[in-house]
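Each chain is listed here by its residues.
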Amino acid sequence: MTKQVTARAHTNIALIKYWGKENVALNIPTTSSLSMTLDQFYTTTTVEFTDKATDELILNSVSTDSTRISKFLDCFREKHGDFPKVLVTSENHVPTAAGLASSASSFSALTGAMFGLLDLPQDTQEMSRMARKGSGSASRSIFGNFAVWNKGNDDESSFAESFYDDDIHLTMIVAEISSAQKKMSSTKGMQLAQTAPTYPEWVRKSADQLEQMKAAIVAKDIEKIGLIAQDNALGMHEQNRRSLEPFDYFTTQTIEVVEFAKQCYREGLLAFVTIDAGPNVKIITDKATEQKLLQKFRSNFPDLTFEVAHAGECLRYV
Ligand code: PMV
């Protein structure tokens, strides 16, 4: 029987963002980043060798262009010697409408599955390093709860590790804002952001915020976590607007949701936002506040869909 290996990885949302590359080919970032892995959204991936002439990808039961994953599998071939082509069968439980990037969970799950198929030692540091080459944020999805990706300065030193492996009752409410706007890829978006005159200052501030964020997580201080994450994310989007070719992932509804969260905070509720390379807003709160906040958002934005997520688990074999 052909050997098959199946791995599952969850997506993650950065509280301190990765938004810029020092080395494009190797995905070495300009900043270290810190994320929470989410329980709700994940990818399950099965790999097996095939005698076909090319690597193949079946995504959500549909045969899909495999160029990007084939390039990624070539990183394994370069490092561990050549092997036959691979059939990759992947199920994404990351709603596309939610605009959550599935690349973090996808490349993390594929990395785990390939380590199994190639009988490589289960070294999470090396898994993270490999996942990074598929998609930077995937380096963090190897781990559950809170992970830090230390930027490093070369292939060897740039990997993520578990920072705090416990649930601190932080909730993320994902506000799904659909957008007609064509999304700019994160790679292109970062490249432009790095041309902003204020970008070096954002990078400097990010290093301080990372240390403040670590302390806030250990202290389980959701208000501090939210305030820092919000400032870091809004700062990231400001770089896009100030770049040589200004662009914006926000839509009118993004701004309305952000403003409503700020209003809720002024009224005394824990409510903060973080936003990635798309229009959707992740509202940061705690478990004790989530239902009240959800109700307020639902009645204020009846046409939006909201999903509640908590801390999720690390990569595992299924
Ligand atoms: O991993 P990529 O290349 O899809 O970039 C992710 C970038 C952000 O999601 C916006 C921030 C982050 O740190 O995850």
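For the structure itself, look to the data block above.
As the structure is a prediction and not an experimental result, all values here were calculated from the model.

*Asks:* Explain the nonpolar core residue by residue, including any values.
*Replies:* Residues Trp 19, Val 47, Phe 76, Val 86, Val 88 and Met 114 are the most contacted members of the largest nonpolar core, which totals 44 residues. Mapped by element, the contributors of at least two residues to this core are β1 (5-16), α1 (67-80), β7 (85-93), α2 (103-117), α3 (124-134), β8 (146-150), α4 (186-193) and α5 (199-218). Take this core: its biggest share by element is seven residues, from α2. Here this core gathers at least three residues from each of two domains, domain 1 (5-166) and domain 2 (170-309). In this structure, Trp 19 is in contact with Thr 30, Thr 31, Ser 186, Gly 189, Met 190, Ala 193, Tyr 199, Trp 202, Met 236, Asn 240, Tyr 249 and Ala 277, ignoring residues within four places of it in sequence.

*Asks:* Break down the sheet that holds strand β11 (residues 272-275) for me, citing the residues and quoting the values.
*Replies:* Sheet strands line up and pair through hydrogen bonds in the backbone, either parallel or antiparallel. Reading across from one edge, β11-β12-β10-β13 is the order of the four strands in this open sheet, with antiparallel pairing throughout. Here the strands that pair on one side only, and so sit at the sheet edges, are β11 and β13 (305-309). For this sheet, the mean angle separating the axes of adjacent strands, direction not counted, is 30 degrees. As paired elements, strand β10 (residues 170-176) and β13 share five bridges and run antiparallel to each other. Pairing of Val 174 across the sheet is with Glu 307, part of β13. Across the face of the sheet, helix α6 (residues 222-241) comes into contact with β10, β11 and β12 (281-286) while running at roughly 40 degrees to β11.

*Asks:* Describe the packing of α1 against α2, and please don't skip the residues or the numbers.
*Replies:* Between α1 and α2, whose axes approach to 12 Å, the crossing angle comes to 40 degrees. As judged from the angle between their axes, α1 and α2 are oblique. Relative to α2, α1 is oriented so that their crossing is right-handed. Contact with α1, carried on its side by Arg 68, Ile 69, Phe 72, Leu 73 and Phe 76, involves Ser 103, Phe 107, Leu 110, Thr 111, Met 114 and Phe 115 of α2 and no other residues of that element. In the contact of α1 with α2, the residues fall into eight nonpolar, two polar and one charged.

*Asks:* Any chance you could break down the environment of Lys 151 for me, citing the residues and the numbers?
*Replies:* Along the chain, Lys 151 falls in the loop between β8 and β9 (159-164). Measuring from C-alpha to C-alpha, the distance between Lys 151 and Pro 29 comes to 5.6 Å, with 122 residues separating the pair along the chain. Those residues in contact with Lys 151 that sit more than four places away from it in its chain are Glu 22, Ile 28, Pro 29, Thr 30, Thr 31, Ser 32, Ser 157 and Ser 158.

*Asks:* Quick rundown of helix α7 (residues 252-266)? Include the residues and the values.
*Replies:* The first and last C-alpha atoms of α7 sit 21 Å apart over 15 residues, in line with the 21 Å expected at 1.5 Å per residue. The elements touched by buried residues of α7 are β10, β11, β12 and α8 (290-300). After α7 finishes, the residue Gly 268 shows a positive phi value of roughly 105 degrees.

Parameters at a glance
- Residues numbered from 1 in each chain as written.
- Predicted model: local features only at pLDDT ≥ 70, side-chain atom pairs only at ≥ 80, totals over all residues.
- Heavy atoms only, no water.
- Core = buried A, V, L, I, M, F, W, Y, C linked by side-chain atoms within 4.5 Å.
- Buried < 20%, exposed > 50% of the residue type's maximum accessible area, 1.4 Å probe, protein only.
- Helix = DSSP H or I, 4+ residues; strand = E, 2+ residues; numbered from the N terminus.
- Domains from an automatic or database assignment.
- Contact = heavy atoms within 4.5 Å.
- Pairing = 2+ DSSP bridges.
- Axes fitted to C-alpha atoms, helices over the stretch in contact; angles between N-to-C directions.
- Parallel < 35°, antiparallel > 145°, perpendicular 65-115°, else oblique.
- Left-handed = near helix turned anticlockwise from the far one by under 90°.
- Nonpolar A, V, L, I, M, F, W, Y, C, P; charged D, E, K, R; others polar.
- Expected span 1.5 Å × (residues − 1).

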